[in-house]
Amino acid sequence: MVNTMKQFKDLIYQKTGSLTDELALVPSALGVLPQRLLPDRSGRLVCGFCSTGCSLDVHIKDGVPVNLTPTKGYPVNIGEACPKGWEALTPLKAFDRAVTPYVRKGHGRLEPAHWDAALRIFTSRFKDIQSRYGNDSVAFLSTGQIATEEMALLGTLAKFGMGLVHGDGNTRQCMASAVVAYKQAFGFDAPPYTYQDLEESDVIVFIGANPCIAHPIMWQRVCRNKNNPTIIVIDPRTTETAMAATRHYALKPKSDLVLLYGLARGLIERGWLDADFIAGHTTGFKEFRAHVKMLTPDHISRATGLSEAQIEQCVALIARGKKVSFWWTMGVNQGHEAVRTAQAIINLALMTGNIGRPGTGANSITGQCNAMGSRLFSNTTNLLGGHDFCNAAHRRKIAAILHMDEARIPARNSLPYNQIIEEIAVGKIKGLWIIATNPAHSWVGQQEFRQILKNLEFLVVQDMYHTTQTAQMADLILPAACWGEKEGTMINSERRIGLLRKVAKAPGLALADFLIFQLIAHYWGCGELFKDWQSPEAVFQILKEISRGTPCDFTGIHDYAMIESSGGIQWPLPEGTLPWDDQRRLFADGQFFTDDRKARFMFEVPRPVPEDVCGQYPFVLLTGRGTSAQWHTQTRTAKSPILRKMYAREVYVEINPEDACKLSIRDGQWVYVSTRRGEIKVRALVISSVQQGHIFLPMHYEVSNHLTLPAFDPYSYQPSYKMAAARVAKVPYYYA
Ligand SMILES: Nc1nc2c(c(=O)[nH]1)N[C@H]1C(S)=C(S)[C@@H](COP(=O)(O)OP(=O)(O)OC[C@H]3O[C@@H](n4cnc5c(=O)[nH]c(N)nc54)[C@H](O)[C@@H]3O)O[C@H]1N2
Ligand SMILES: Nc1nc2c(c(=O)[nH]1)N[C@H]1C(S)=C(S)[C@@H](COP(=O)(O)OP(=O)(O)OC[C@H]3O[C@@H](n4cnc5c(=O)[nH]c(N)nc54)[C@H](O)[C@@H]3O)O[C@H]1N2
Ligand code: SF4
Ligand SMILES: [Mo]
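Residues numbered from 1 in each chain as written. Chains lettered and ligands numbered in written order. Predicted model: local features only at pLDDT ≥ 70, side-chain atom pairs only at ≥ 80, totals over all residues. Heavy atoms only, no water.

Caption draft 1: Region of interest: the overall build of the protein chain. A tally of regular secondary structure across the protein chain gives 26 helices and 26 strands. Here the C-alpha atoms of the protein chain give a radius of gyration of 25 Å, agreeing with the 27 Å that 2.2 N^0.38 yields for 736 residues. Projecting the C-alpha coordinates of the protein chain onto the three principal axes gives extents of approximately 75 × 70 × 55 Å. Buried residues in the protein chain amount to 63% of all 736 residues. When contacts within the protein chain are restricted to residue pairs at least 6 apart in sequence, those whose partners lie at least 24 apart make up 73%. (Helix = DSSP H or I, 4+ residues; strand = E, 2+ residues; numbered from the N terminus. Rg over C-alpha atoms; globule rule 2.2 N^0.38 Å. Buried < 20%, exposed > 50% of the residue type's maximum accessible area, 1.4 Å probe, protein only. Contact = heavy atoms within 4.5 Å.)

Structure below.
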């Protein structure tokens, strides 16, 4: 155990092999340490917001980052960045950075503490809970927003070191449906595309995706397409992307599955299929054909709210395309039948042979900067590297690579996020460790969730700020360094591994998540297990080995320097190969990752929505991204005065002018929005981008999830954030 500051410093020295910059910031009374200044030159790193994965050049003067410019010539962003990227340095300097650990004291207040005390409390409280209720009584919730090496260390420490079984990530809120859809259809979680496809398609179909706002630089790639592509947008709202489209199909919310089956039916009826591809590279088409035949055009039209002529037109546009790409995001993934909807998109690509060729693909766009790293290496829903906890051979393989006893690897899967919450509600899980996510704002059905968190005996939150809604509920806050203050790699939507560089010093006693996990391993008494995990780059080498022979094999990447000099490298890149092209896609050979190497048609009868509109709650409540300047729960973007000028400070609800008129609601007026979960007071934004009978709430304001419905896809357990039944009423002027 560590007793003095000197021992603490020695420990960090021992763990990192160097005196880190953070060490320069420990209290001066404990001895002056040499400050390693940052190089007086620019540092290149991928952006820490969205999954586009743009590269940014940070300019450093006197060891301090002063500004940044988007990297010219990087194969992702080609010299561009969106407002968040340009403002990426500002959140680092915010007043509310956690600069020291905080411990909740007997009187209920959070008070600053030293690391040694914090780590002792972390260890003793969690161990005590485990000794009383068993190992399963402690769980963790992680993120898609820290480096892959950090996620791998966290997942391995928690499960193989601390003996936890249950750990999930905010990626459950985001892309679990796409993951399950790909695994079942392709045999591996493998988004097949490269961004170049956006420039090469002649027909581009966006389903439940608003890239103009959510992935602005991907949208720039669409704008560079020289084929004058037909752009189809399938979204109940007339979004910025829909406005720029050739055709917008404003379907009824959550009728996508019927629409997509209807499109398949239309293509089959007219024989607009790639019969050779279907015969040579897929299974299940005959059954799928029989399934979609059962739907009549009249039923499809009524269910989707689109006319038969509109559906026929959409079928013809897809059939006419030679290089059709299908892209989906949260309008699909966050639904009650999301997995099957995603697979209905995959089916369209398969039956028309639009996969494996330039400009094609069934392409799920991810959300967070390192969602793809989390999907492969967070050790939550699958064993490191896309392996399976329930497969003995996989456990043996991973144990051998890690030089760990196989018995340390749990032989069962973690509970998904929503069931972890249920276990807290019934008192089975008593300790929770939350890292780089803010569920007290972002998780579905907030009122109930916050109540449930109070059941915990011990809640640890590891965040860069001490002010987040979740941190404020914690018993212990661990202060984390953030993007720009640490090293590692991240994987973007097109499977490109990009580099994070340290360009700034973390404030106060904040430490890189990597270092925090190393220290916890030491204090927990399992540091020995991680003796080879000395630095992010050492972990990268371990992960490389784990990837060997798998679909995501990247053993061909020597080291970080190779990633830096190549402008990011897409997986796979097996040893002995070179990154022959900086835009590579999967399945060019028609070989998938299933046992028979064929892709599977997956389908099911559409189901009714879990909560439909009714007399009392007549509006469909939609939620999603508001502006390109706002990021999720706004812990970071709200810190930039520039970004703040680009969005409404007060929470607002979008409502159609006809509905507003009927309810005598004027633009800008206060209104109550309520669902069966609660009521909030917001400003009305009267706008025709929402259909009559629908309202839209941006997710960036704390109150949004007070209203959302905790309903989940039965295969992915992803929350259905995008539909609830709601009521709107004007606030009487004397309360406004
Ligand atoms: N500026 C900004 N960019 C971001 C983020 C951010 O917070 N801010 N977050 C990042 C993350 S983590 C993610 S996951 C992505 C999300 O990126 P997107 O999924 O593109 O964004 P959303 O606004 O959540 O949802 C997309 C669209 O789904 C539509 N939709 C709702 N219900 C349905 C339906 O039933 N069917 C169909 N077809 N469409 C429907 C909504 O109207 C919305 O326009 O954005 C990433 N980029
Ligand atoms: N109603 C509604 N709700 C939604 C959605 C929706 O469409 N509608 N979308 C869902 C989706 S797709 C997503 S992805 C989630 C996102 O939900 P969250 O993950 O809760 O949102 P963030 O604000 O990104 O939270 C990230 C947290 O990590 C902290 N952080 C940043 N960098 C670091 C770091 O390097 N280390 C540490 N330790 N902490 C760090 C930030 O300060 C912040 O508190 O929201 C979901 N919620
Ligand atoms: S598009 Fe995404 S990755 Fe690119 S600068 Fe904006 S937030 Fe960063
Ligand atoms: Mo997300």
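Caption draft 2: Summary view of the packing of aromatic side chains. For the structure on display, the rule yields 27 aromatic pairs. Aromatic pair Phe49 and Trp631: ring centres 5.6 Å apart, planes at 70°, arrangement edge-to-face. With Phe49 in the loop between strand 1 (43-46) and strand 2 (55-61) and Trp631 in the loop between strand 21 (619-624) and helix 25 (641-644), the pair connects residues that are 582 residues apart, well separated along the chain. A single burial state applies to Phe49 and to Trp631, both of which are buried. (Phe/Tyr/Trp six-rings, centres within 6.5 Å; stacked < 30°, edge-to-face > 60°.)

Caption draft 3: Quick look at unusual backbone geometry. Residues Trp571 and Pro572 are joined by a peptide bond in cis, for which omega reads 0°. With respect to the helices, strands and loops of the structure, Pro572 is situated in the loop between strand 19 (569-570) and strand 20 (599-600). You will see that Asn228, though not glycine, has its phi angle at about 45°, which is positive. Inspection of the secondary structure assignment puts Asn228 in the loop between helix 8 (216-223) and strand 9 (230-234). The phi dihedral of Asn379 falls on the positive side, at around 60°, and the residue is not glycine. On the secondary structure map, Asn379 appears in the loop between helix 17 (371-377) and helix 18 (392-402).

Caption draft 4: Highlighting the site of ligand 3. Surveying the vicinity of ligand 3 reveals the residues Cys47, Phe49, Cys50, Thr52, Gly53, Cys54, Ala81, Cys82, Lys84, Gly85, Pro216 and Ile217. Considering only residue class, the shell around ligand 3 consists of eight nonpolar, three polar and one charged. (Near = heavy atom within 4 Å. Nonpolar A, V, L, I, M, F, W, Y, C, P; charged D, E, K, R; others polar.)

Caption draft 5: Inspection of the site of ligand 2 at higher detail. Around ligand 2 there are 34 residues in total, and Gln145, Asn170, Ser442, Asp463 and Thr633 lie nearest to it. The contact in question runs from a nitrogen atom of ligand 2 to an N or O atom on the backbone of Gln462, over 3.0 Å. A distance of 3.1 Å separates an oxygen atom of ligand 2 from a polar atom in the side chain of Arg625. Coverage of ligand 2 by the protein chains reaches 99% of its 930 Å² of free accessible surface. Looking at the shell around ligand 2, the elements with two or more residues in it are helix 20 (439-442), strand 15 (458-463) and strand 21. No fewer than three residues from each of domain 1 (119-174 + 370-493 + 502-550) and domain 3 (619-730) sit in the shell around ligand 2. (Polar contact = N/O pair within 3.5 Å; in protein donor to acceptor, adjacent residues only side chain to side chain. Areas by Shrake-Rupley, 256 points an atom, 1.4 Å probe, with all protein chains shown as cover. Domains from an automatic or database assignment.)

Caption draft 6: Representation of the layout of surface pockets. Roughly 840 Å³ of volume is contained in the largest pocket. Considering the residues around the largest pocket, the lining is formed by 40 residues, among which Val179, Lys183, Thr381, Asn382 and His387 are closest to the centre. Those elements giving two or more residues to the lining of the largest pocket turn out to be strand 7 (166-169), helix 5 (176-186), helix 17 and helix 18. Element by element, the count of residues in the lining of the largest pocket is highest for helix 5, at five residues. Of the residues contributing to the lining of the largest pocket, the split by class is 11 nonpolar, 20 polar and nine charged. (1 Å grid on protein atoms, 1.4 Å probe; cavity = no way out; pocket = protein on both sides within 12 Å on 5 of 7 lines; lining within 4 Å. Points joined across faces, edges and corners; volume = space filled by probe spheres on them.)

Caption draft 7: Layout of the packing of helix 3 (residues 115-133) against helix 22 (residues 513-524). One can describe the packing of helix 3 onto helix 22 by two numbers: an axis separation of 10 Å at closest approach and a directional angle of 60°. Between helix 3 and helix 22, the angle falls in the class oblique. Remark: the crossing between helix 3 and helix 22 carries right-handed chirality. Contacts from Trp115, Asp116, Leu119, Arg120, Phe122, Thr123, Phe126, Lys127 and Gln130 in helix 3 reach Ile516, Leu519, Ile520, Tyr523 and Trp524 in helix 22. Broken down by class, the residue content of the contact of helix 3 with helix 22 amounts to nine nonpolar, two polar and three charged. (Axes fitted to C-alpha atoms, helices over the stretch in contact; angles between N-to-C directions. Parallel < 35°, antiparallel > 145°, perpendicular 65-115°, else oblique. Left-handed = near helix turned anticlockwise from the far one by under 90°.)

Caption draft 8: Representation of the pairing of strand 6 (residues 138-142) within the structure. Within strand 6, five of the five residues are buried, leaving the element largely enclosed by the surrounding structure. Burial along strand 6 is two-sided: Val138, Phe140 and Ser142 facing one way and Ala139 and Leu141 facing the other are all buried. Note: strand 6 against strand 14 (residues 431-435), four bridges, orientation parallel. Note that in strand 14 the partner of Leu141 across the bridge is Ile434. Note that strand 6 and strand 7 share four bridges and pair parallel. Pairing of Leu141 across the sheet is with Asp168, part of strand 7. Once you follow strand 6 into helix 4 (residues 148-161) and on to strand 7, the crossover reads as right-handed. (Pairing = 2+ DSSP bridges. Right-handed = clockwise from strand over helix to strand, strands pointing away.)

Caption draft 9: Looking closely at the domain arrangement of the protein chain. Here the domain parsing of the protein chain yields domain 1 (119-174 + 370-493 + 502-550), domain 2 (176-364) and domain 3 (619-730). Taking only C-alpha atoms, the centre of domain 1 and the centre of domain 2 are 35 Å apart. Tallying the contact residues gives 12 residues for domain 1 and 15 residues for domain 2. For the pair domain 1 and domain 2, the summed buried area comes to about 970 Å², and 49% of that belongs to carbon and sulfur atoms. Per-residue buried area on domain 1 facing domain 2 is highest for Cys174, Arg375 and Ser493; these three make up 55% of the total on that side. Across the contact surface, domain 1 and domain 2 share one salt bridge. Salt-bridge contacts for Asp189 lead to Arg375; the nearest nitrogen and oxygen are separated by 2.8 Å. One can count six residue pairs in polar contact (both at pLDDT 80 or more) joining domain 1 with domain 2. Of the residues in the side of domain 1 that touches domain 2, the class split is three nonpolar, seven polar and two charged. (Buried area = accessible area lost by both parts, 1.4 Å probe. Salt bridge = Lys/Arg side-chain N within 4 Å of Asp/Glu carboxyl O.)

Caption draft 10: Here's a closer look at the pattern of salt bridges. Counted according to the given criterion, the structure contains 30 salt bridges. The residue Arg237 makes a salt bridge to Glu654 at a minimum N-O spacing of 3.8 Å. Remark: Glu654 occurs in strand 22 (residues 652-655) and Arg237 occurs in the loop between strand 9 and helix 9 (240-243); sequence separation between them is 417 residues. According to the relative accessible area criterion, Arg237 is buried, its value standing at 10%. Judged by relative accessible area, which is 8%, Glu654 ranks as buried. Residue Arg677 pairs with Glu611 through a salt bridge whose shortest N-O separation is 2.7 Å.

Caption draft 11: Structural detail: helix 16 (residues 338-351). In a regular helix each residue adds 1.5 Å, so 14 residues correspond to 20 Å; helix 16 covers 20 Å between its end C-alpha atoms and thus fits that length. By the criterion of burial, helix 16 is predominantly enclosed, with 14 of the 14 residues buried. Where helix 16 ends, the next residue or the one after it, Gly353, has phi of about 65°, a positive value. (Expected span 1.5 Å × (residues − 1).)

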